[in-house]
Amino acid sequence: MEANILIFKFLFIFFLYFLIYYINQNQIIILGEAKVIDGDTIHINNNKIRLHGIDAPELNQNCIYKEKNWECGRDSKKYLLNLTNSNQVKCKVIGIDRYKRFIATCFIDHVNINKMMVKEGWAIAYRYYSKDYVDEEFIAKKNKVGIWKGKFEEPYIHRKKNK
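Residues numbered from 1 in each chain as written. Predicted model: local features only at pLDDT ≥ 70, side-chain atom pairs only at ≥ 80, totals over all residues. Heavy atoms only, no water.

Undergrad: How would you explain the overall build of the protein if you had to name every residue and give the values?
TA: Counting its regular elements, the protein contains 5 helices and 10 strands. Buried positions account for 38% of the 163 residues belonging to the protein. Considering only residue pairs separated by 6 or more positions, the protein has 57% of its internal contacts joining residues 24 or more positions apart. Total accessible area computed for the protein in this model is approximately 11,200 Å², and 55% of it derives from carbon and sulfur atoms. (Helix = DSSP H or I, 4+ residues; strand = E, 2+ residues; numbered from the N terminus. Buried < 20%, exposed > 50% of the residue type's maximum accessible area, 1.4 Å probe, protein only. Contact = heavy atoms within 4.5 Å. Areas by Shrake-Rupley, 256 points an atom, 1.4 Å probe, with all protein chains shown as cover.)

Undergrad: Could you give an account of the pattern of salt bridges, naming the residues involved and the relevant values?
TA: With the rule as written, the count across this model stands at 9 salt bridges. Asp97 is the salt-bridge partner of Arg101, the closest N and O atoms lying 2.7 Å from each other. Across the pair, exposure class does not vary: Arg101 and Asp97 are buried alike. With its nearest N and O atoms 2.6 Å apart, the salt bridge here joins Lys161 to Glu153. Residue classification places Lys161 among the exposed residues on the basis of a relative accessible area of 60%. Judged by relative accessible area, which is 25%, Glu153 ranks as partly exposed. (Salt bridge = Lys/Arg side-chain N within 4 Å of Asp/Glu carboxyl O.)

Undergrad: Describe the packing of aromatic side chains, naming the residues involved and giving the relevant values.
TA: On inspection of all chains with the given rule, the structure shows 7 aromatic pairs. Aromatic pair Tyr79 and Trp122: ring centres 6.2 Å apart, planes at 25°, arrangement stacked. A residue pair is termed long-range when its members are at least 10 positions apart, and Tyr79 in helix α2 (residues 72-84) and Trp122 in the loop between α3 (113-119) and β10 (124-125) qualify at 43 residues. Here a set of aromatic residues connected by ring pairs shows up, and it is made of Tyr65, Trp70, Tyr79 and Trp122. The ring of Tyr65 carries Lys149 above its face, with NZ or CZ at 4.8 Å from the centroid. Note that Lys149 overlies the ring of Trp70, its terminal NZ or CZ placed 4.8 Å from the centroid. (Phe/Tyr/Trp six-rings, centres within 6.5 Å; stacked < 30°, edge-to-face > 60°. Lys NZ or Arg CZ within 6 Å of the ring centre and 35° of its normal.)

Undergrad: Residue-level account of α2, with values.
TA: Since the α-helix advances by 3.6 residues per turn, residues separated by three or four positions end up pointing in the same direction. Taking 1.5 Å per residue, 13 residues should reach 18 Å; α2 reaches 18 Å between its end C-alpha atoms and fits that length. Taken together, the buried positions of α2 are occupied by Cys72, Gly73, Ser76, Leu80, Leu83 and Thr84. Along the axis of α2, the buried residues cluster in a sector spanning 120°; they form a single face. Immediately beyond the C-terminal end of α2, within one or two residues, lies Asn85, with a positive phi of roughly 30°. (Expected span 1.5 Å × (residues − 1). Arc of directions from axis to C-beta.)

Undergrad: Residues and numbers for the side chain of Thr41, please.
TA: Mapping Thr41 onto the fold places it in strand β2 (residues 41-44). A polar contact is formed between the side chain of Thr41 and the side chain of Asp40, at a distance of 3.2 Å. Setting aside its immediate chain neighbours within four residues, Thr41 contacts Lys35, Val36, Ile49, Arg50 and Arg101. (Polar contact = N/O pair within 3.5 Å; in protein donor to acceptor, adjacent residues only side chain to side chain.)

Laid out in structure tokens, this is it:
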């Protein structure tokens, strides 16, 4: 009886290992030069990619800085443009959203673009979908960088109000 349980445990562990290996080997990777659409969306070739776990101001969104309107949505896009700057971008796909865009974590070399957008204050951690970049948001807020240097409406609230 104990031998059967031991064999079952071994087979179960082997199956889990094989499953994890299979999933990792079949992960979708999208590689190429990124066309920046806004602060959290890029296109690589014909692939539309939404950066996982972040929410950047909309292109038409304004923030307030020193009591004046400031085009923070455009500046968020500019930061992502400078970050990608004709470099090879590698995106690891996590899923697909309702708009049929790939949801991905993207990198230039080993630099996580999603993380940089939040850490430098050009996007917020999109807590509704992920808590991956909450620490980076805290750093940006503390350092008053990017959109955190002024006042802003959270991007998802801005979208909801302007439908």
